[in-house]
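These are the residues of each chain, in order.
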Amino acid sequence: MATAAEGLPEAGAQPAKQDPAVETAEEAKEPAEADINELCKDMFTKMATYLTGELTATSEDYKLLENMNKLTSLKYLEMKDIAINISRNLKDLNQKYAALQPYLEQINLIEEQVAALEQAAYKLDAYSKKLEAKYKKLEKR
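Residues numbered from 1 in each chain as written. Predicted model: local features only at pLDDT ≥ 70, side-chain atom pairs only at ≥ 80, totals over all residues. Heavy atoms only, no water.

## A short note on the overall build of the protein
Next, step 1: When you go through the protein residue by residue, the secondary structure sums to two helices and zero strands.
Next, step 2: Residues classed as buried in the protein amount to 0% of the 141 residues present. (Helix = DSSP H or I, 4+ residues; strand = E, 2+ residues; numbered from the N terminus. Buried < 20%, exposed > 50% of the residue type's maximum accessible area, 1.4 Å probe, protein only.)

Here you go:
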């Protein structure tokens with residue numbers, strides 16, 4: 001009973017309730033040889049399953065990237081075709097503009113001549129009004 005006097009529980013006594021937040025350490029016991037072999041097999045099986053999953057996920061990622069690259073390549077080919085068509089149409093428009101250029105120059109020349117003719121008509125009108133005024137002045141005399 002010397003142990004009870006020292007504050008330690010007796011061998012047959014229940015241990016005192018401990019705080020649930022405090023963990024107690026247990027003595028590590030070495031498992032039997034058969035258990036070690038079984039645990040190693042289990043560990044290797046689970047590690048193989050894990051690595052297979054990781055490799056499968058990586059493989060799926062690469063397949064997704066490959067599909068994305070194929071789609072992007074197709075999209076760029078479509079854009080290339082569109083750009084070629086735009087370039088061809090632009091060349092056609094430039095050729096048509098070049099063919100129309102002499103006619104456009106003639107139109108500009110005619111426009112300038114019409115403007116000059118219009119100015120001449122205004123001057124002639126002003127002169128005829130002056131002449132009419134002089135004639136009326138002479139007629140009154």
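Anyway, onward from the coordinates.
## Things to note about the confidence of the model for the protein
Next, step 1: Looking at the protein as a whole, its pLDDT mean stands at 86, while 82% of the residues score no less than 70.
Next, step 2: The low-confidence segment residues 1-13 (pLDDT under 50) makes three contacts with residues lying over four places distant or belonging to another chain. (pLDDT = per-residue confidence, 0-100. Contact = heavy atoms within 4.5 Å.)

## A look at helix H2 (residues 33-140)
Next, step 1: With 108 residues, H2 should cover 160 Å at 1.5 Å per step; its first-to-last C-alpha distance of 149 Å lies within 8% of that length.
Next, step 2: Along H2, the sharpest kink reaches roughly 40°, centred on Gln-101 and followed within four residues by the proline Pro-102. (Expected span 1.5 Å × (residues − 1). Bend = angle between axes of the 7 residues up to and from the residue.)

## Digging into a nonpolar patch on the surface
Next, step 1: Side chains of Tyr-97, Leu-100, Tyr-103, Leu-104 and Ile-107 sit close together on the surface and give an oily, nonpolar patch of about 520 Å² of accessible area.
Next, step 2: With respect to the helices and strands, Leu-100 occurs in helix H2.
Next, step 3: A residue is classified by how much of its surface remains accessible, and Leu-100, at 46% relative accessible area, is partly exposed. (Patch = residues over 30% accessible without salt bridge, like charges linked within 9 Å, V, L, I, M, F, W, Y side chains within 5 Å. Areas by Shrake-Rupley, 256 points an atom, 1.4 Å probe, with all protein chains shown as cover. Salt bridge = Lys/Arg side-chain N within 4 Å of Asp/Glu carboxyl O.)

## As for the pattern of salt bridges
Next, step 1: Taken as a whole, this structure holds six salt bridges when the rule is applied.
Next, step 2: Across the pair Lys-70 and Glu-66 runs a salt bridge whose closest N-O atoms are separated by 3.6 Å. With Lys-70 and Glu-66 both in helix H2, this residue pair falls four residues apart, about one helical turn.

## With respect to a positive patch on the surface
Next, step 1: Side chains of Lys-130, Lys-134, Lys-137 and Arg-141 sit close together on the surface and give a patch of like positive charge.
Next, step 2: Here Lys-134 lies in helix H2.
Next, step 3: For Lys-134, a relative accessible area of 57% corresponds to the exposed category. (Lys, Arg positive; Asp, Glu negative; His and termini not counted. Charge placed at Lys NZ, Arg CZ, Asp CG, Glu CD.)

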